[in-house]
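Notes for the structure review
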Amino acid sequence: MAQMLALTILILVLFIGEAISTRTKAWIPSIFVSGVLFLLGYWTFFPPEIVAIAGIPPAVAVMLIYLLITNMGTLLSLEELKNQWKTILIALAGILGIIAALFSIGILLFDFNTVVVAIPPLVGGLVSALIMSEGAAAAGLPTLAVFAIVIYVVQGFAGYPLTSIMLKKEGQNLLNKYRNNELTAKQLPGEQKGATGKTVKEPRMFANMPEKYNTDFFKFFRLALVGYLAYLTSTLAAPIVEISPFVLCLLFGVIARSIGFLERHPLQKANGFGFAIMGLLLYIFDGLKNATPSMMLEILYPLIGCIVIGVVGMYIFSFIIGKLLKVSKEMAFAVSLTALYGFPADYIITVEVINSLTKDEEEREVLTSHMLPPMLVAGFITVTIVSVILAGIFVGFL
């Protein structure tokens, strides 16, 4: 298949997903539609390496991940991270709910090894899925080695629509409160004001530099430098403690934004955000190439069972902790559901829902300030941090 034909087909798939999401006002998320189309494509005429053929090999995807996660950090602030302690507790409670449900109910329906292999990928991302897959293979469990990858690939199909429904209900409630003057916008991390109350020029470190030199390449350079520092810190810390460079990218992005080295959303200002998201989505959907129809049929029962039981456990625990912390059940469940997909789906679904609820820019800013920070923080807590720790522990049980 020619490179440009592969690229054209893949972008068309993403567009169809986006169009259906827009048409249904985000009740059907674009990621869900695109994922289904990719699955059907791999089962019919897609070459297994279509994403690499189109120009997004793993090396390019990893580069985009560094840039995107660092960029996401600029949407938060140190103050915002401290303010999200409730979000962190709810996300952890949701993970605890999955573990409790599968070890109580799931163990009655499936064998111990199946439950052990299912939990880390179910509450995390690719890294935890790979750890469990390799562990299962080493333990002489080839079917469970495949199961670990497939549950990571498929779990989003449950998480995407549920999250969209919860966020739409939460967003509508927030809009009603705002329109009744019962709610005000939180200051967004990018809104830095000086002592006079005037907006400070961003980035503050380069406020005196002529604007003509703050080019797209200069924005990319600063973003890449911060990403590299995150990678370097992770490498230097490796002999003592394992810290994902992607976790550090988020933290370093927050710090760089706070000290004025980066502006808010530099990737968007450098006109690179749309391309970066496209590349990352293609890389994520590339994982579906391993989910063949025969494989899906073989593991369908434990796959659906583990996801349903886990999500029910997640809902119960997030509902209880949300009630105690005075967080709506919709927002608490949405925050917990980020464990099923993480970044960038948490960002994309939230923005899609906000855009579907209102066309008024001020109302969108209000919804963004209340809904986006907790979704981003939860996604990184569950997928990037906790799931990898769980995988390291659970792989020892096989």
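Residues numbered from 1 in each chain as written. Predicted model: local features only at pLDDT ≥ 70, side-chain atom pairs only at ≥ 80, totals over all residues. Heavy atoms only, no water.

Identification of the protein chain as Na+/glutamate symporter from Planomicrobium stackebrandtii is taken from an unreviewed UniProt entry.

**Brief notes about the environment of Tyr66**
Note the cut-off: Secondary structure elements follow DSSP: runs of H or I of four or more residues count as helices, runs of E of two or more count as strands, with numbering from the N terminus. The criterion used for residue contact is that any of the two residues' heavy atoms lie within 4.5 Å.
Tracing the backbone shows Tyr66 in helix α4 (residues 58–73). For the pair Tyr66 and Ser328, spaced 262 residues apart in the sequence, the C-alpha separation amounts to 33 Å. Those residues in contact with Tyr66, other than ones at most four positions away along the chain, are Gly227, Tyr231, Pro245, Phe246 and Cys249.

**What about the side chain of Ser133?**
Relative to the assigned elements, Ser133 resides in helix α8 (residues 126–138). Not counting chain neighbours up to four residues away, the residues in contact with Ser133 comprise Ala145, Ala148 and Ile149.

**Observations regarding a nonpolar patch on the surface**
Definition in use: Exposure above 30% relative accessible area and the lack of any salt bridge qualify a residue for a patch; like charges then connect within 9 Å, and the nonpolar side chains Val, Leu, Ile, Met, Phe, Trp and Tyr within 5 Å. Under the convention used here, a 1.4 Å probe and the Shrake-Rupley method define accessible areas, while residue burial counts only the protein chains that appear. By salt bridge we mean one thing: a side-chain nitrogen of Lys or Arg within 4 Å of a carboxyl oxygen of Asp or Glu. Throughout this description, buried means an accessible area under 20% of the type-specific maximum (1.4 Å probe, protein chains only), exposed means over 50%, and partly exposed covers the range between.
A grouping of Leu297, Leu300, Ile304, Val308, Val312, Tyr315, Ile316, Phe319, Ile320 and Leu324 is seen on the molecular surface, where their side chains present a nonpolar patch of about 920 Å² in accessible area. The leading source of residues in the nonpolar patch is helix α15 (residues 300–324), at nine residues. Note on placement: Ile320 falls in helix α15. For Ile320, a relative accessible area of 45% puts it in the partly exposed group.

**Examining helix α17 (residues 345–357)**
Residue pairs spaced three or four apart in an α-helix point in one direction, given the helix's 3.6 residues per turn. Stated precisely, the cut-off is as follows: Take the number of residues in a helix, subtract one, and multiply by 1.5 Å to get its expected span.
Spanning 13 residues, α17 covers 18 Å between terminal C-alpha atoms, matching the ideal 18 Å at 1.5 Å per step. Within α17, 11 of the 13 residues are buried, leaving the element largely enclosed by the surrounding structure. Within α17, the full set of buried residues consists of Ala345, Asp346, Tyr347, Ile348, Ile349, Thr350, Glu352, Val353, Ile354, Ser356 and Leu357.

**A short note on the pattern of salt bridges**
Per the stated rule, a full pass over the model turns up five salt bridges. Of the charged contacts, one joins Glu263 and Arg222 as a salt bridge, the two residues approaching to 2.7 Å between their closest N and O atoms. Taken together, the residues Glu263 in the loop between α11 (245–259) and α12 (266–269) and Arg222 in helix α10 (residues 216–237) connect sequence positions 41 residues apart. Among the residues examined, Arg222 registers a relative accessible area of 0% and is labelled buried. The salt bridge partner of Asp286 is Lys289, with a shortest N-O separation of 3.4 Å.

**Observations concerning the nonpolar core**
The following threshold applies: Take the buried Ala, Val, Leu, Ile, Met, Phe, Trp, Tyr and Cys residues and link them wherever side-chain atoms come within 4.5 Å; each set so joined is a nonpolar core.
One finds Phe38, Phe147 and Tyr347 to be the most contacted residues of the largest nonpolar core, which totals 124 residues. With 17 residues, helix α9 (residues 142–179) is the single largest residue contributor to this core. Not counting the four nearest positions on each side in its chain, Tyr347 is found in contact with Met72, Leu75, His265, Phe273, Leu372 and Leu376.

**Focus: the packing of helix α2 (residues 30–43) against α9**
For clarity, the cut-off: Interaxial angle, 0 to 180 degrees, is taken between N-to-C directions of lines fitted to C-alpha atoms, where a helix line uses only the stretch in contact. Roughly parallel here means an angle under 35 degrees, roughly antiparallel means over 145, roughly perpendicular means 65 to 115, and every remaining angle is called oblique. With the far helix as reference, a near helix turned anticlockwise by less than a right angle produces a left-handed crossing, and one turned clockwise produces a right-handed crossing.
Taken N-terminus to C-terminus, the directions of α2 and α9 make an angle of 155°; their axes are 9 Å apart at the nearest point. Our classification of the angle between α2 and α9 gives roughly antiparallel. The interaxial crossing formed by α2 with α9 has left-handed handedness. Residues Ile31, Phe32, Gly35, Val36 and Leu39 of α2 form the contact with α9, whose participating residues are Phe157, Tyr160 and Pro161.

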